[in-house]
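Each chain, letter by letter, is given below.
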Amino acid sequence: SADGSPASWVAGIVAHAAYDELETCLTTVKSQSLSPEAILVTDTGVDRGRLAALAAAHPGVSFESRENRGWGAGVNCLLSRVERLHPDAAYVLILNPDVELAPDFAATLARACEHRPRIALASGKLLRPGGAILDSAGIHLPRHRRPRDRGSEEPDQGRYERAELLFGVSGAAMWMRRSALADLAIDGEVADEDFFAYQDDTDLCWRANLLGWQVLYEPAAVAIHRRGWRRARRNEID
């Protein structure tokens, strides 16, 4: 920040029936070297008992149940709560519950964005469980307009070790500059709720680029992403 103090941020987790993963995700958020101002969870309320148990185990976390209207609706719900409850936070980190953050994930992204005010969205290097295989090193938009996670399912062998501006980053762990969000919103929605699931993060990144904002990939910020959808598991997806 301008006075030299660490940037303030809020963690927001969009959850849907992933309570074991949510427990682990919360633990890694709480362990960040740059502590969040608040941790918010929005859950579709599939298992109210499990959610109540998590709330009891994490008294500092704000839980909210909602109807399942998709990832975008969950993101917008979280952003509205941040606007209402934590209006001074400079950043929001939107997370899927199947993400585990390295301890300096937030601090690294805050540092990378602090003196680059045109960066609206950012993320780091996402790895599959075990840390040897890449999940996403940002999102590339080829000429055929079908977005691709760079490095997906490749061994992590140092190919994506340079911080750079890209077309997009994964919504599984998306760092958002709050001062950019009003400009990115369409009819009050930062995440377009018409998508319900998948490609909503791509749409948001595309919009950011079109409006003159920047999207940053910072490989020094590392996280594990279990990823529920993979091409090899296509037939398992409802």
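So, how was this worked out
Residues numbered from 1 in each chain as written. Predicted model: local features only at pLDDT ≥ 70, side-chain atom pairs only at ≥ 80, totals over all residues. Heavy atoms only, no water. Phe/Tyr/Trp six-rings, centres within 6.5 Å; stacked < 30°, edge-to-face > 60°. Helix = DSSP H or I, 4+ residues; strand = E, 2+ residues; numbered from the N terminus. Buried < 20%, exposed > 50% of the residue type's maximum accessible area, 1.4 Å probe, protein only. Lys NZ or Arg CZ within 6 Å of the ring centre and 35° of its normal. Salt bridge = Lys/Arg side-chain N within 4 Å of Asp/Glu carboxyl O.

K.L.:
Before we go on, may I ask you to explain the packing of aromatic side chains in this structure?
P.N.:
The relation between two aromatic rings is expressed through the spacing of the ring centres and the mutual angle of the planes. With the rule as written, the count across this model stands at three aromatic pairs. Taking 5.7 Å as the distance between ring centres and 45 degrees as the angle between the ring planes, the aromatic pair formed by Trp9 and Trp175 counts as tilted. Here Trp9 is found in strand β1 (residues 9-15), whereas its partner Trp175 is found in strand β11 (residues 173-177), with 166 residues between them in sequence. We note that Trp9, like Trp175, is buried. Seen from their ring centres, Tyr91 and Trp175 are 4.9 Å apart, and the 25 degrees between their planes marks the pair as stacked. One end of the pair, Tyr91, is in strand β4 (residues 91-95); the other, Trp175, is in strand β11, with 84 residues separating them in the sequence. Given a relative accessible area of 1%, Tyr91 falls into the buried group. Overall, the relative accessible area of 1% leaves Trp175 in the buried class. Linked through ring pairs, Trp9, Tyr91 and Trp175 together constitute an aromatic cluster. In this structure, Arg118 is placed above the aromatic ring of Trp213, and the distance from its NZ or CZ to the ring centre is 3.9 Å.

K.L.:
Which parts of the structure should I look at to understand the pattern of salt bridges?
P.N.:
Oppositely charged side chains can form a pair if their charged atoms are brought close together. Scanning the entire structure with this criterion turns up 11 salt bridges. The salt bridge involving Arg50 is made with Asp20; its shortest N-O contact spans 2.7 Å. Of this pair, Arg50 sits in helix α2 (residues 48-57) while Asp20 sits in helix α1 (residues 19-30); the two residues are 30 residues apart in sequence, bridging distant segments of the chain. The class of Arg50 is partly exposed, set by a relative accessible area of 33%. Arg159 is paired through a salt bridge with Glu154; the nearest N and O atoms lie 3.3 Å apart.

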